[in-house]
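Residue-level listing of the chains:
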Amino acid sequence: MSGQTSVTVRILDKEYQFACAEEERMALLQSADYLNEKMQEIRTGGKVIGLDRMAVMAALNIANELLQDRTGAENMAEDVTARITSLNAQIDSIVDQDGSFDF
């Protein structure tokens, strides 16, 4: 296990300092960049005023993206499972027809 490192990130022209494990440093920087990008989009839109409101709006947008990705992954897993079940049924049907399976 590695030690803690100090990481400074910039979000909407303001610096924040965090401590994290060295192996998590890049993930923290990428997360901060992504959050900064989302908050910049909200600020550019001009409909939300105040840093705290922008942060909440960005958090809600990111949470929504996460939930959509999870739902998409779950649907994909269900589709794959259904396809595998169908292929297994086809294989069983072919094997049952003549009792053997030659390659």
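The model shown is predicted, which means the values in this text are computed figures rather than measured ones.

A. Up close: the pairing of strand β1 (residues 4–11). Residues Thr5, Val7, Val9 and Ile11 of β1 are buried on one face, while the alternating residues Gln4, Ser6, Thr8 and Arg10, pointing to the opposite face, are not. Bridge analysis of β1 against strand β2 (residues 14–21) gives eight bridges, and the strand direction is antiparallel. Each bridged residue has a counterpart across the sheet, and for Val7 the counterpart in β2 is Phe18. Hairpin remark: β1 followed by β2, antiparallel, with two residues in the connecting loop; positive phi at Leu12, about 50 degrees.

B. Fine view of the pattern of salt bridges. Scanning all chains against the criterion turns up four salt bridges. Its salt-bridge partner being Arg43, residue Asp13 comes within 3.8 Å of it at the nearest N-O pair. You can see Asp13 sitting in the loop between β1 and β2 and its partner Arg43 sitting in helix α1 (residues 25–45), a full 30 residues away along the chain. Looking at Arg43, the relative accessible area reads 36%, which means it is partly exposed.

C. Molecular detail of α1. For α1, which comprises 21 residues, the first-to-last C-alpha distance of 30 Å matches the rise-based estimate of 30 Å (1.5 Å per residue) to within 8%. Downstream of α1 by one or two residues, Gly46 has phi in the positive range, about 75 degrees.

D. Up close: unusual backbone geometry. A positive phi angle, near 50 degrees, is found at Leu12, a position not held by glycine. Judged by its relative accessible area of 10%, Leu12 is buried.

Cut-offs applied
Residues numbered from 1 in each chain as written. Predicted model: local features only at pLDDT ≥ 70, side-chain atom pairs only at ≥ 80, totals over all residues. Heavy atoms only, no water. Buried < 20%, exposed > 50% of the residue type's maximum accessible area, 1.4 Å probe, protein only. Helix = DSSP H or I, 4+ residues; strand = E, 2+ residues; numbered from the N terminus. Pairing = 2+ DSSP bridges. Salt bridge = Lys/Arg side-chain N within 4 Å of Asp/Glu carboxyl O. Expected span 1.5 Å × (residues − 1).

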